[in-house]
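Working through the structure, step by step
The lines below spell out each chain.
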Amino acid sequence: MRLRRLAETVSATTLGLSLLLASATAQEAAGDIGVPLPEQPALVILNSDTGPQKLDIPAPAEVTLDLRPSADSQSADAAETKEMVTGALSTRPDRTPAELELDLPEPEMPPVDPALVKPAEPAPQPQLAQPAQIDLPPLPEVAVTMPPGLELSGRIAAQAEIAAALPRLSARERADIVAAYAANENRPFWIDGKDLGTSGKQIVAQLGHASDDGLRAGDYLLPVFESSDKDSLAAADIRLSALAVLYARDARGGRLDPRRLSKLITPKLELPSATEVLSELAGAADAGAVLAAYNPRHAGYQHLKAKLAELRAHKPETPVARIPAGPILKVGMRDARVPLIRARLGLGSSEEPVYDRSTALALADFQKQAGLRADGVLSDQTVAALAMPRSTRLESDIIAQMERWRWLPSDIGENRIVVNIPEYRMRVMHGDKLAYESRVIVGKPESATPVFSHRMEHVVVNPSWFVPPSILKKEFLPGLANDPNYAARRGYVVTRGKNGSISVRQPPGERNALGWIKFMFPNDHAVYLHDTPNRGLFGAGKRAFSHGCVRVENPFALADQVLGPEWTSERLKRLIGSGERTIKLPQPLQIHLVYETIVVDAAGAVTTFDDIYGFHRLVRNALEQRS
């Protein structure tokens, strides 16, 4: 009770002081402005015990109630805190301060019964909400698998350039192989896990049968690899890719460079790029079949391949008796080897070991079949050929002829003209059917007809003949030097250029070297098919008489084949003598000048023709030297 009275007294005192201060402030302000204020009522503090008491306190000029702590109150103790409760009265610096002290007795508190004292309880700590327990099903086991072959990618990237470095592959082909692996994230193409996959095994099987197509299986041997050695697996995959590229290249004619054999052998080879080969093999259902398809699919090639297999199946197990080396033998010479030579050639025995005419003729036939110079002279080269079984020699010849088939385009044309130079024959083919054939005259050995393929585009009736540079140099220039009228007397027109050059042209006419019509197909050799005024030469068995062009026996019959029904022979002949006329073919026609010395027909019969230019021998020897 006493505490409550004390609090009421303090509150009333504080309120009275506040009113006095407000009144004083208002009077001062009114005095300043001259406005009288009403008299303030006296402050009365009520005491509940004694009744109201009247306090007569003069009003100060200005009283400020400062309840803030003093300057050093930040470090004050409990006594200073009590002063804050009772209050401190101070006046403004320019006024006389007035203080009011309240001396209140300390309240007496009854003693506290220890038994009634309740120990202080610690403040309750906030409790964190416990999450409800949820029984989750066990997570399934997840197996993370790497992409196939990714574990070899680092090793493939490190070995690609070295493993792809086959001697007969060009730098471009090796780079393409490396690039193909990079595009495949350096994953293997053929290794599946720790062994060859299906495609890899198919490729290896085809490489193992390379000899069936006249190639050497030893050129495509895959190195042995360990399934537990990732480095050897990576190297084997890259090497198999390189071998597949090499095989495809060889199958399309890349084993030899024909132009190095002769400047007159100029086929345009279709060698596949490494990128093309790997792309086709990687996406093939049967990679072995795709690789085999790089070999020629033409019927003539397939017949040769079948004959090669037949010869090898019946190859004699015992070799032919070897003829000792010795001096060159010619007709009339004596030599102890003559009986062996006659036995080898299937001739009867003779009383004297004389190399007679019958032996020389039989040897010349053998030389012809072997692609050697058929002069009947026993040379060292002929002795070496006699030491080989006949089937082995024929195998080499067939393989050399198969190689020349690789030089033809993969698409030889549904309708085409084929001139077989050693056979002196020309054929017009519609698919596999023969539409027309005739005898032809080809170039002399010293002015051989070149071997290549092109497209026939037009025909010229009443052509002029421009003397080619080779004939001009050999015949006309020496003649003109001795006689300025040398060309004119022979019906030629000489034209001299401003730079001193000379061209000689033969105008159209009966004596024109090209006859009445020529069949044109642009080429670097300036050769073509044409008529000829010297028709008597077609009756000869060996018809190598021209300067390189191909003379056709019946050119107007050939024109019927290539120009179609619009231009009949009769219509063309009516143009003769009326000036030069160019007629385009309705459709360009592929033409192939080939060199087939060995031809095998569908029944397996073998026909051979003279190697009139030695081209066959060049190819066979080059392949044997490679082996």
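Given the structure is predicted, the values throughout are model-derived calculations rather than measurements.

**Some details on the overall build of the protein**
Looking only at helices and strands, the protein features 18 helices and 20 strands. If you sum the accessible surface of the protein, you get close to 36,600 Å²; carbon and sulfur atoms cover 54% of it.

**Focus on the pattern of salt bridges**
According to the stated counting rule, one finds 26 salt bridges in the structure shown. One salt bridge connects Arg-168 with Asp-219, and the closest N-O pair in it is separated by 3.7 Å. Taken together, the positions of Arg-168 in the loop between helix H3 (153-163) and helix H4 (171-183) and Asp-219 in the loop between helix H5 (198-208) and helix H6 (230-254) put the pair 51 residues apart, joining distant regions of the chain. Taking the relative accessible area as the measure of exposure, Asp-219 reaches 18% and is therefore buried.

**Here's the deal with the side chain of Asp-610**
Structurally, Asp-610 can be placed in the loop between strand S20 (606-608) and helix H18 (615-626). The exposure class of Asp-610 is buried, given its relative accessible area of 18%. Side-chain polar atoms of Asp-610 contact the side chain of Lys-542, separated by 3.5 Å.

**Here we look at the sheet that holds strand S13 (residues 502-506)**
Pairing within the open sheet is antiparallel, and its three strands lie in the order S11-S13-S12. The two strands at the open ends of the sheet, each matched to only one other strand, are strand S11 (465-466) and strand S12 (493-496). Sheet analysis places S12 next to S13, joined by four bridges and oriented antiparallel. Paired with Thr-495 across the two strands is Ser-503, which belongs to S13. The sheet contacts of helix H15 (residues 469-482) involve S11, S12 and S13, and relative to S13 the element is tilted by about 100°.

**Section: the pairing of strand S7 (residues 415-420)**
When you tally the buried positions in S7, you get five out of six residues, the bulk of the element. Note that S7 and strand S18 (residues 581-594) share five bridges and pair parallel. Counted as the bridge partner of Asn-420 is Val-594 from S18.

**With respect to the pairing of strand S14 (residues 517-520)**
Taking every second residue as pointing to the same face, both faces of S14 are buried, with Ile-517 and Phe-519 on one and Lys-518 and Met-520 on the other. Here four bridges tie strand S10 (residues 452-461) to S14, and the two strands are oriented antiparallel to one another. Its bridge partner being in S14, Val-461 is matched across the sheet by Ile-517. Alignment of S14 against strand S15 (residues 529-530), held across two bridges, turns out to be antiparallel. Among the inter-strand pairings, Phe-519 is bridged to a residue of S15, identified as Leu-529.

**Here's the deal with the packing of aromatic side chains**
Summed over all chains, the structure comprises ten aromatic pairs. Linked through ring pairs, Trp-465, Phe-476, Tyr-486 and Tyr-492 together constitute an aromatic cluster. When the ring centre of Tyr-528 is taken as reference, the NZ or CZ atom of Lys-518 above it lies at 5.2 Å. Sitting over the ring of Trp-567, Arg-571 keeps its end group 3.6 Å from the ring centre.

**Examining helix H12 (residues 357-369)**
Over its 13 residues, H12 runs 19 Å from end to end, which matches the ideal 18 Å to within 8%, given 1.5 Å per residue. Inspection of H12 places Thr-359, Ala-360, Ala-362, Leu-363, Ala-364, Phe-366 and Gln-367 among the buried residues, and these make up the whole buried set.

**With respect to unusual backbone geometry**
If you check the backbone angles, Glu-185 has positive phi at about 60° while not being a glycine. Within the secondary structure, Glu-185 sits in the loop between H4 and strand S5 (191-192). Located in the positive-phi region is Asn-186, a residue other than glycine, with phi close to 60°. Note that Asn-186 resides in the loop between H4 and S5.

**Remarks on the packing of H4 against H6**
Following both chains from N to C, one finds H4 and H6 inclined at 130°, their axes separated by 11 Å at the closest point. Viewed along their axes, H4 and H6 adopt a mutual orientation that is oblique. Regarding H4 and H6, the two cross each other, and that crossing is right-handed. Every residue of H6 that contacts H4 at Glu-173, Ile-177 and Tyr-181 is listed here: Asp-237, Ile-238, Ser-241, Ala-242, Val-245 and Arg-249. In terms of residue class, the contact of H4 with H6 is made up of five nonpolar, one polar and three charged.

**Comments concerning helix H16 (residues 555-563)**
The buried fraction of H16 is high, at seven of nine residues. Within two residues after H16, Gly-564 carries a phi angle of roughly 85°, on the positive side.

**A closer look at the confidence of the model for the protein**
In the predicted model, the protein carries a mean pLDDT of 82, and the fraction of residues at 70 or more is 75%. Residue range residues 43-51 is modelled with pLDDT below 50. Its contacts to residues more than four positions away, or to other chains, number 15 contacts.

**Overview of the environment of Phe-476**
With respect to the helices and strands, Phe-476 occurs in helix H15. You can call Phe-476 buried: its relative accessible area is 4%. With near-sequence residues (within four places) excluded, Phe-476 lies in contact with Val-467, Ile-471, Tyr-486, Ala-487, Tyr-492 and Val-504.

**Quick word on the environment of Met-388**
Tracing the chain through its elements places Met-388 in the loop between helix H13 (380-386) and helix H14 (390-405). The sequence separation of Met-388 and Arg-322 amounts to 66 residues, and the corresponding C-alpha distance is 8.2 Å.

**A look at the packing of H6 against helix H8 (residues 274-282)**
Contact pair H6 / H8: the axes reach a minimum separation of 9 Å and the direction vectors enclose 110°. Comparing their axes, H8 and H6 come out roughly perpendicular. As H6 packs across H8, the resulting crossing turns out to be right-handed. Residues Ser-241, Ala-244, Val-245 and Ala-248 of H6 touch H8, and the partners they reach there are Ala-274, Val-277, Leu-278 and Leu-281. For the contact of H6 with H8, the residue count by class is seven nonpolar, one polar and no charged.

Quick notes on the rules
Residues numbered from 1 in each chain as written. Predicted model: local features only at pLDDT ≥ 70, side-chain atom pairs only at ≥ 80, totals over all residues. Heavy atoms only, no water. Helix = DSSP H or I, 4+ residues; strand = E, 2+ residues; numbered from the N terminus. Areas by Shrake-Rupley, 256 points an atom, 1.4 Å probe, with all protein chains shown as cover. Salt bridge = Lys/Arg side-chain N within 4 Å of Asp/Glu carboxyl O. Buried < 20%, exposed > 50% of the residue type's maximum accessible area, 1.4 Å probe, protein only. Polar contact = N/O pair within 3.5 Å; in protein donor to acceptor, adjacent residues only side chain to side chain. Pairing = 2+ DSSP bridges. Contact = heavy atoms within 4.5 Å. Axes fitted to C-alpha atoms, helices over the stretch in contact; angles between N-to-C directions. Phe/Tyr/Trp six-rings, centres within 6.5 Å; stacked < 30°, edge-to-face > 60°. Lys NZ or Arg CZ within 6 Å of the ring centre and 35° of its normal. Expected span 1.5 Å × (residues − 1). Parallel < 35°, antiparallel > 145°, perpendicular 65-115°, else oblique. Left-handed = near helix turned anticlockwise from the far one by under 90°. Nonpolar A, V, L, I, M, F, W, Y, C, P; charged D, E, K, R; others polar. pLDDT = per-residue confidence, 0-100.

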